[in-house]
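# Close look at the chain arrangement
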Amino acid sequence: MRTRRRGAVALIAATTLALAACSSDAEEPDAGADGDAEDMDVADFPEGSTMAELAEAGSITIGTKFDQPLFGLVGPDGVPVGFDVEIGRLIAERLGIDDDGIEWVETVSANRETFIENGTVDIVVATYTINDDRKELISFAGPYYEAGQSILTLASNEDIQGPDDLDGKNVCTVSGSTPEQNLVENFPEVEVTPFGAYSDCLEPLKNGQVDAISTDNVILAGFAADDPELEVRGEPFTEEPYGIGLAKDDDEFRDWINDVLEEIYEDGSWTEAWESTAGTVLPTPEPPAVDRY
Ligand code: GLU
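Residues numbered from 1 in each chain as written. Predicted model: local features only at pLDDT ≥ 70, side-chain atom pairs only at ≥ 80, totals over all residues. Heavy atoms only, no water.

When the charged atoms of two side chains with opposite charge come close together, those side chains can pair. Counted by the stated rule, this structure contains 13 salt bridges. For Glu113, the salt bridge is made with Arg134, and the minimal N-O distance between the two is 4.0 Å. Taken together, the residues Glu113 in helix H4 (residues 112-117) and Arg134 in helix H5 (residues 132-135) connect sequence positions 21 residues apart. A single burial state applies to Glu113 and to Arg134, both of which are buried. For Glu231, the salt bridge is made with Arg233, and the minimal N-O distance between the two is 3.4 Å. Since its relative accessible area comes to 6%, Arg233 is described here as buried. Connected via shared salt-bridge partners are Glu93, Arg94, Glu263 and Asp267. (Salt bridge = Lys/Arg side-chain N within 4 Å of Asp/Glu carboxyl O. Helix = DSSP H or I, 4+ residues; strand = E, 2+ residues; numbered from the N terminus. Buried < 20%, exposed > 50% of the residue type's maximum accessible area, 1.4 Å probe, protein only.)

And the structure:
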C-alpha cells in the first residue's frame, strides 16, 4: 500500500540519510541464494525510488495466485508456496525485506491490473502473461518464464487431444485471462464458461458440466499432478511469457527488477526456485531473456 506507507517513509528517510552519512561506502547487493534477506538499506537505492521506499518500509505487498499448485498455492497458514512465490521472495530479499515483511495478497486473473493501478499491491507475480493490452495499464519486468495455453480433460476422455477438438465443447477458463480471450476470439465454435479462478473449474470438469479446462500448460500440469483422474492434452498452442506486473511508467523499478532477474539467472537462485517448486513436476528450462522494452 504505497500511499499508506509514504508518511512513515519520509520520517525514516531522514533518519536513514543521517545514518548513511556516517556509514562508509554503500554495500553492493549480495546476490546470495540462501533465502535470507540481503543486507540492504536505503543508501543502496536512488533517493525517491520505489526500491528505496520499499527498503525503508521493510515491507512489500505482493499479489499472487492462491489456488494454483506449483506456482502459487496458499497453505493453512495463509502463506502461498510455488515458483511465483519464490520469484517474489527473491525480489523482496534484494530489497532487504525478509519473509516477515512480505504481505501476500490473492490476485485472480481479472483483478491484477486494478490491484497494481490502485496500489493494493506493489507487484504482481501470478502466472501473468506480458501483452500489449496490459502494457497500456501497467508495466512488466521479465519475462522470467514462458508458458503456453493448453487443455485439461478427464483422463477417461480421449476425444479431446488439441484445440481443434474443442468445437462444440464446453470449456472452462477464467475471466480476464489470455486463454479466455484467445478462445472467445479465435475459436467461435467453442462454448466458453468463464469462472473467477481455475480451481473453480475442477468440480464442473469432474461432474461433466464442462468437457475441458483451458489455460497455461503449467497451471494445468499442477492440477493433473495432484489428481490421476486428470490429464493435460496436446502441445501448448500459444506463447505466454510470464512477467512481473508493476505500476506503469515506474521505469526505474522495472529496470531494477530486470537486473534482479538477470542476477538470479546467473547465480543459480532462479534454478533453485524452479527445482524446489514447479520443477518437482516439470522439466527445468533455460530462463528466458529479459525484454527491456
Ligand atoms: N497467463 C495467462 C494470463 O495471464 C493465464 C493464466 C492466468 O490467468 O493467470 O492471463
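Of all hydrophobic cores here, the largest spans 58 residues; its most connected members are Phe83, Ile123, Tyr144 and Ile244. In contact with Ile123, other than residues within four places in its own chain, are Ile60, Thr61, Ile62, Gly63, Ile91, Ile244, Gly245, Leu246, Phe253 and Ile257. In terms of nonpolar packing, the next biggest core, distinct from the first, is built from ten residues, Val105, Val121, Tyr128 and Ile138 among them. (Core = buried A, V, L, I, M, F, W, Y, C linked by side-chain atoms within 4.5 Å. Contact = heavy atoms within 4.5 Å.)

Looking now at the packing of helix H2 (residues 50-57) against helix H9 (residues 251-267). With their axes 8 Å apart at the nearest point, H2 and H9 run at an angle of 75° to one another. Here H2 lies roughly perpendicular to H9, going by the angle between them. Contact residues: Thr50, Met51 and Leu54 in H2; Glu252, Phe253 and Trp256 in H9. Among the residues making up the contact of H2 with H9, the classes are represented as four nonpolar, one polar and one charged. (Axes fitted to C-alpha atoms, helices over the stretch in contact; angles between N-to-C directions. Parallel < 35°, antiparallel > 145°, perpendicular 65-115°, else oblique. Nonpolar A, V, L, I, M, F, W, Y, C, P; charged D, E, K, R; others polar.)

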